[in-house]
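Structural features, examined
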Amino acid sequence: MLPADFYEWANEELHEFGRKCANEIDERAVHTDREGQPKLIRYDKMGNEVSKVWLNEGYKKTVEETYHAGIVGYVHKDIPKLGNKGNYVYSFAQGYLLSHAEPGFYCPVTLSMATAYLIDHYASETLKEKFLPHVLSTGDVELFEGATFLTERQGGSDVGANEVKAVKENDYYRITGEKYFASNSGACGVAMVLARLDGAPAGTKGLSLFLVPWEENRENGALRIRRLKDKLGVRAVPSAEVEFECAKGYLVGEENKGFFYMIEALNLSRVANAIASLGIMRRAYLEAKKYAKNRDAFGNKLTNYPMVQVTLAEMVAKQEIETNTVFEVVRIMDSVMGLEEKASKQEQVLFRLYVAIMKKETAEQAIHFAHESIEMHGGNGYIEDFVTPRLLRDAQVLTVWEGTANILGLEVLRLIGKYSADELFFKEMKTKLSAVQSDKNGWVQLVESEISKLKERVKDIRKLPNDLQTYHSKDLAKRMADIFESVIAIESSTKGDKRKKAISEVYLHSVWKKDEFELSPVMLEKFELVVG
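Let us look at the structure shown here. The shown structure was predicted, so the numbers you read here are calculated from the model rather than taken from an experiment.

What counts as what
Residues numbered from 1 in each chain as written. Predicted model: local features only at pLDDT ≥ 70, side-chain atom pairs only at ≥ 80, totals over all residues. Heavy atoms only, no water. Helix = DSSP H or I, 4+ residues; strand = E, 2+ residues; numbered from the N terminus. Buried < 20%, exposed > 50% of the residue type's maximum accessible area, 1.4 Å probe, protein only. Contact = heavy atoms within 4.5 Å. Disulfide = S-S within 2.5 Å. Phe/Tyr/Trp six-rings, centres within 6.5 Å; stacked < 30°, edge-to-face > 60°. Lys NZ or Arg CZ within 6 Å of the ring centre and 35° of its normal.

Our focus in this paragraph is the side chain of H509. Note on placement: H509 falls in helix 19 (residues 498–512). The exposure class of H509 is buried, given its relative accessible area of 9%. Leaving out residues up to four positions away in the same chain, H509 has contacts with W443, K514, E518, V522 and M523.

Next up, the structure:
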């Protein structure tokens, strides 16, 4: 995935960043979640409305260390030691490590990535020159974290119902209205805001994108934070209800194309959502494994019991194969997102399909893994002294942010109906399977059979009325995710060492032969090799 010199540099940097995540960043995350949550300072001591957000010093240190490591900046600008840009593979590897410790803070990072993308691709040269270096800061200039404000009270996922208005004034615009779930409020330097110009068409086709400088508007009283959301989890990120009163904003790109631009950034954010899910999954597994290895029950370590062995073996196999699959999606991002030679239309459609099915699958698995880790701990898993309750609380939002399962299922149906994404998907999966050199256990044949079954299922779904098609959309997305991951598992099995082969075997058995009776279950046979 990376050139040799880039890999050598990145490997060293990621080791150091991972060390911080496992130690001081994790310690700060505990404090932020429990005692150091963001607080709204509505008024100053003289009674003036200021709408500032207080962030604890440890959180601010994590912000500094993470952005200085280039998690956003090095996607778009040169790495000094290498003399060339980084890429999404490196950025998401950092995000994966960060999400082991602080998935809440990975939300603002994701928003900053989306902001950087939107400015870099669609803003005027004047706006780029003024704001982009700050969004890409690695310590060289003042950092402006980013934010993307879409959600309004009456709309939610129905962004076409948005009502925030924009009126032109000189070379800028005045933004008026309310954003109802605005994450990173008070911490961001710039916010990318969807608003509707006078006379613009109804629905998403009438939305334009504006860059709104935060501090300038706050100091001038042109925006205010009504309140911070009291959230179940990801308490590190300040999410707010924000009111704009003639706030100054700058048009980004063309009028009425804001939703189109945001959808591109949304795909980036959905991948980041999947990365956060993988980080939580891995942390949940590691906590469950550590506890089981040290916990005595009924005269034995927990890891001596077959039920526990099966749970841990299936967790690690699922997590590693799912990680490989998501990073396969990340691998093609640089071309799809315009960092390299532009991808073909077919590659762009496949990318959108992969993102939809993997965002849905990883988010649901993050919750499942947190649940399994709590159960492995027993009563201790429910106690806030352990990390497991926070993992569950933080995981829960990942099924909501960047599109619920219903929204993602509809996305799959749209891609099938408009671009025949199913045909592209089946062709790509079969191409990958045809390249497999050795298949002693018959997995290629089994998965090809499942592809054929799913093709028939899609044909049947296409014949249904639209409302009944939506009924099947989530199941369709799940089946596609299982096939995609299985193909990646088979590829890994033929290329990897003994442990990778064992991981693939456990994964494939858990998906396709879960209900078969086995005298010698694969999960138990491979336990020592895959869990260790």
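It is worth spelling out the state of the cysteines at this point. Tallying each qualifying case throughout the model produces zero disulfides. Unpaired in this structure, C21 has its nearest cysteine sulfur neighbour in C107, at a distance of 16 Å. Relative accessible area serves as the criterion here: at 4%, C21 is assigned to the buried category. In this structure C188 is not part of a disulfide, and its nearest cysteine sulfur, from C107, lies 11 Å away.

Leaving glycine out, the prevailing phi sign among residues is negative, and the prevailing peptide bond configuration is trans. Unlike most non-glycine residues, S51 shows phi in positive territory, near 50°. Along the chain, S51 falls in strand 2 (residues 49–54). Although it is not a glycine, S420 adopts a positive phi angle of roughly 55°. Relative to the helices and strands, S420 is located in the loop between helix 14 (405–419) and helix 15 (421–434).

For the coordinates displayed, the defined rule picks out 18 aromatic pairs. For the pair F149 and W214, a centre-to-centre distance of 6.3 Å together with 85° between the ring planes defines the contact as edge-to-face. Of this pair, F149 sits in strand 5 (residues 145–149) while W214 sits in helix 8 (residues 214–219), placing them 65 residues apart in sequence. Side by side, F149 and W214 carry an identical accessibility label, which is buried. Note on F260 and Y261: the rings are 5.9 Å apart at their centroids and 65° apart in plane angle, and the pair reads as edge-to-face. Within the aromatic cluster, the residues linked to one another by ring pairs are F6, W9, Y74 and Y90. Between K229 and the ring centre of Y180, over which it is positioned, the NZ or CZ distance is 3.5 Å. Geometry around W443 places K513 over its ring, the cationic atom sitting 4.9 Å from the centre.

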